[in-house]
Amino acid sequence: MIRGIDREHAPALGDVRALGKGDVILLLPGVEQRDDWARYIEAIGTAVGRGADARWTRG
């Protein structure tokens, strides 16, 4: 599954944490400007630990 996160749109934190091997998280432009960015960093770390791939994009 591919999930994208940007400044305005993101899947639920629990959905991000549940991602694992074979899943991709796309970090889209502006994502670091989210008010809840720190919480998403933690959720992405959990997903990566479960085997997901996180990728920065340039839009």
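See the structure shown above.
Residues numbered from 1 in each chain as written. Predicted model: local features only at pLDDT ≥ 70, side-chain atom pairs only at ≥ 80, totals over all residues. Heavy atoms only, no water.

For helix α2 (residues 37-49), spanning 13 residues, the distance from its first C-alpha to its last is 18 Å, which sits close to the expected 18 Å at 1.5 Å a residue. Within α2 the residues assigned to the buried category are W37, Y40, A43, I44 and A47. Taken around the axis of α2, the buried residues stretch over an arc of 115°, which confines them to a single face. Along α2, the residues that are exposed and aim more than 90 degrees away from the buried face are A38, R39 and G49. Buried positions along α2 lie against β1 (2-5), α1 (13-17), β2 (24-27) and β3 (53-56). Looking one or two residues beyond α2, the residue adopting positive phi is G51, at roughly 110°. (Helix = DSSP H or I, 4+ residues; strand = E, 2+ residues; numbered from the N terminus. Expected span 1.5 Å × (residues − 1). Buried < 20%, exposed > 50% of the residue type's maximum accessible area, 1.4 Å probe, protein only. Arc of directions from axis to C-beta. Contact = heavy atoms within 4.5 Å.)

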